[in-house]
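For reference, the chains in residue letters:
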Amino acid sequence: MAAHEPAAGAPDLAELTRRAAAAAVPEREDGLVVCENLVRIYRTEGVEVQALQGLDLAVAEGEMVAVIGASGSGKSTLLGILSGQDVPTAGSAEVAGHDLLAMKRRARLAYRRSTVGFVWQQTGRNLLPYLTAAENVMLPMSYVGAKRARRRTRAEELLGLLGVGHVADRTPDAMSGGEQQRVAIAVANANEPRVLLADEPTGELDTATSDDIFAALRRANEELGVTVVVVTHDALVSEQVQRTVRIRDGRTSTEVLRRVATGADGVQALTSEEYAVLDRNGRLQIPREFTERLHLRRRVRLALETDHVGVWPDDAARRAKARQAAAGGTGPEPE
Ligand code: ADP
Ligand code: MG
């Protein structure tokens, strides 16, 4: 047997070449919303703030996803970019086939009118105070040239669908905060957007009202088929949606997926599973609770198993800790 011939059972050269070629072509994430390695740096008076530091996010068509994270983690920056109001510093962001970095002024305007719908946290910012609910919903339709009769019918349909048909002829000052936000969701859906973006739409409302807003968002998602990305600082909303994405320091860290699973006994139960985002370079962020519990720091031991990857604390660090404990010392942590 010639030296260069592969051993029996080993992949041959052609197979290895094929695999290398497949690995070299970056896998294109698909989804209606795809952000890869998104960076947004704000520069004000010589000071730099990295609001997004390499964020990855993919949302499939028809999905409803909640983005959660502490104040200042970059949630509004992300939504500003997805809504076409702000432009990222680097990375890539695509919504319904529109490249948000390359888009020119005119295309950007059309994008904001027709491809995305937006709901803000401040109830007062979503609606014009001197127009009725129905007129507010009809307004964006007039920008894209919809006929008057059509505008009126669609406004009534949307308000009815979101449970606010009864306020159609009222101005915002004669509506509750919750009604105003549901009307705002109707306004955002007026031009049949592909994606509905909502930035803390329940931020100024109590829990019961905020449940109503989430119900209205779900309704829009299910009945109108619009993909929803809703931002909130309230971790409890994970109860309200199938998928929750957590942003920490301008990057997506973990995801929680909720689904109905059927157990061995045939009983259906709602389960929630935690996922971490793996970027294209293989980088993974391990949640702080995990790293603290197992004292994972700086270097971890890694092993490839048949169906999973094992991560253990670095032995050297663990032994040093054990020695320290045996000596009864509470000195500085070993580095
Ligand atoms: P969140 O919505 O999660 O509270 P933001 O996206 O508003 O977070 O902000 C992320 C970071 O970027 C914060 O540190 C914030 O101070 C900063 N930031 C946001 N907008 C601007 C801006 N226009 N100029 C300078 N810094 C900003
Ligand atoms: Mg915000």
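Look up: the structure comes first, before these words.
On a predicted model such as this, the values are computed, not experimentally measured, just so you know.

A.B. asks: I keep staring at the sheet that holds strand 1 (residues 33-44) and nothing clicks. Help me out?
C.D. replies: Whenever strands of a sheet pair, they do so through backbone hydrogen bonds, lying parallel or antiparallel. Taken in spatial order, the four strands make up an open sheet running 2-1-4-5, and their pairing is antiparallel. Only two strands of the sheet have a single partner each, and these edge strands are strand 2 (47-59) and strand 5 (98-99). The pairing of strand 1 with strand 4 (residues 90-95) spans five bridges and is classified as antiparallel. Across the sheet, Val 34 pairs through a bridge with Glu 94, a residue of strand 4.

A.B. asks: Any chance you could explain the pattern of salt bridges here in plain terms?
C.D. replies: Overall, the coordinates contain nine salt bridges when judged by the stated rule. Here Lys 75 makes a salt bridge to Glu 200, at a shortest N to O gap of 4.0 Å. With Lys 75 in helix 2 (residues 75-82) and Glu 200 in the loop between strand 7 (195-199) and helix 8 (207-224), this pair connects stretches of sequence that are 125 residues apart. Notably, a salt bridge pairs Arg 299 with Asp 314, separated by 3.0 Å at the nearest N-O pair. One end of the pair, Arg 299, is in the loop between helix 9 (288-293) and strand 12 (300-304); the other, Asp 314, is in the loop between strand 13 (309-313) and helix 10 (315-326), and 15 residues separate them in sequence.

A.B. asks: Looking at this structure, how should I read the pairing of strand 12?
C.D. replies: On a regular strand, one side chain projects to one face of the sheet and the next to the other, so that they alternate. Inspection of the sheet shows strand 12 paired to strand 13 by five bridges, in the antiparallel sense. What sits directly across from Leu 304, in strand 13, is Val 309. Connecting strand 12 to the antiparallel partner strand 13 that follows it, the hairpin turn spans four residues.

A.B. asks: Any chance you could explain the side chain of Ser 73 here in plain terms?
C.D. replies: Along the polypeptide, Ser 73 turns up in the loop between strand 3 (64-68) and helix 2. A relative accessible area of 6% means that Ser 73 is categorised as buried. Among the polar contacts listed, one links the side chain of Ser 73 to the backbone oxygen of Ala 70, at a separation of 2.6 Å. If sequence neighbours within four positions are ignored, Ser 73 has contacts with Ala 51, Ile 247, Asp 249 and Gly 250.

A.B. asks: Help me understand the environment of Leu 205 in this model?
C.D. replies: Position of Leu 205 among the secondary structure elements: in the loop between strand 7 and helix 8. Separated by 83 residues in the primary sequence, Leu 205 and Gln 122 place their C-alpha atoms 10.0 Å from one another. Setting aside chain neighbours within four positions, we find Leu 205 in contact with Gly 177, Gly 178, Gln 181 and Ile 213.

A.B. asks: Please clarify how helix 2 should be interpreted in this entry.
C.D. replies: Three or four residues apart is the spacing at which side chains of an α-helix point the same way, because the helix has 3.6 residues per turn. For helix 2, the buried fraction is high: seven of the eight residues fall into the buried class. Looking only at helix 2, the buried set comprises Lys 75, Thr 77, Leu 78, Leu 79, Gly 80, Ile 81 and Leu 82. Positive backbone phi, at 85 degrees, marks Gly 84, one or two positions downstream of helix 2.

A.B. asks: Just checking my understanding: could you explain helix 6 (residues 148-161) for this structure?
C.D. replies: Between its terminal C-alpha atoms helix 6 stretches 20 Å, which fits the 20 Å expected from 14 residues at 1.5 Å a residue. Inspection of helix 6 places Arg 151, Arg 154, Ala 155, Leu 158, Leu 159 and Leu 161 among the buried residues, and these make up the whole buried set. All buried residues of helix 6 fall inside an arc of 160 degrees around its axis, so they share one side. Downstream of helix 6 by a residue or two, Gly 163 has a phi angle that is positive, lying close to 75 degrees.

A.B. asks: Explain the site of ligand 1 here, please?
C.D. replies: Inspection of the region around ligand 1 gives Tyr 42, Val 49, Ala 51, Ala 70, Ser 71, Gly 72, Ser 73, Gly 74, Lys 75, Ser 76 and Thr 77 as its neighbouring residues. A distance of 2.6 Å separates an oxygen atom of ligand 1 from a polar backbone atom of Gly 72. One nitrogen or oxygen atom from the side chain of Thr 77 is found 2.5 Å from an oxygen atom belonging to ligand 1. Here ligand 1 loses 62% of its free accessible area of 560 Å² to cover by the protein chains. Examining the composition of the shell around ligand 1, we find that three residues originate from one element, helix 2, more than from any other. Taken together, the residues that form the shell around ligand 1 break down as four nonpolar, six polar and one charged.

Conventions and cut-offs
- Residues numbered from 1 in each chain as written.
- Chains lettered and ligands numbered in written order.
- Predicted model: local features only at pLDDT ≥ 70, side-chain atom pairs only at ≥ 80, totals over all residues.
- Heavy atoms only, no water.
- Pairing = 2+ DSSP bridges.
- Helix = DSSP H or I, 4+ residues; strand = E, 2+ residues; numbered from the N terminus.
- Salt bridge = Lys/Arg side-chain N within 4 Å of Asp/Glu carboxyl O.
- Buried < 20%, exposed > 50% of the residue type's maximum accessible area, 1.4 Å probe, protein only.
- Polar contact = N/O pair within 3.5 Å; in protein donor to acceptor, adjacent residues only side chain to side chain.
- Contact = heavy atoms within 4.5 Å.
- Expected span 1.5 Å × (residues − 1).
- Arc of directions from axis to C-beta.
- Near = heavy atom within 4 Å.
- Areas by Shrake-Rupley, 256 points an atom, 1.4 Å probe, with all protein chains shown as cover.
- Nonpolar A, V, L, I, M, F, W, Y, C, P; charged D, E, K, R; others polar.

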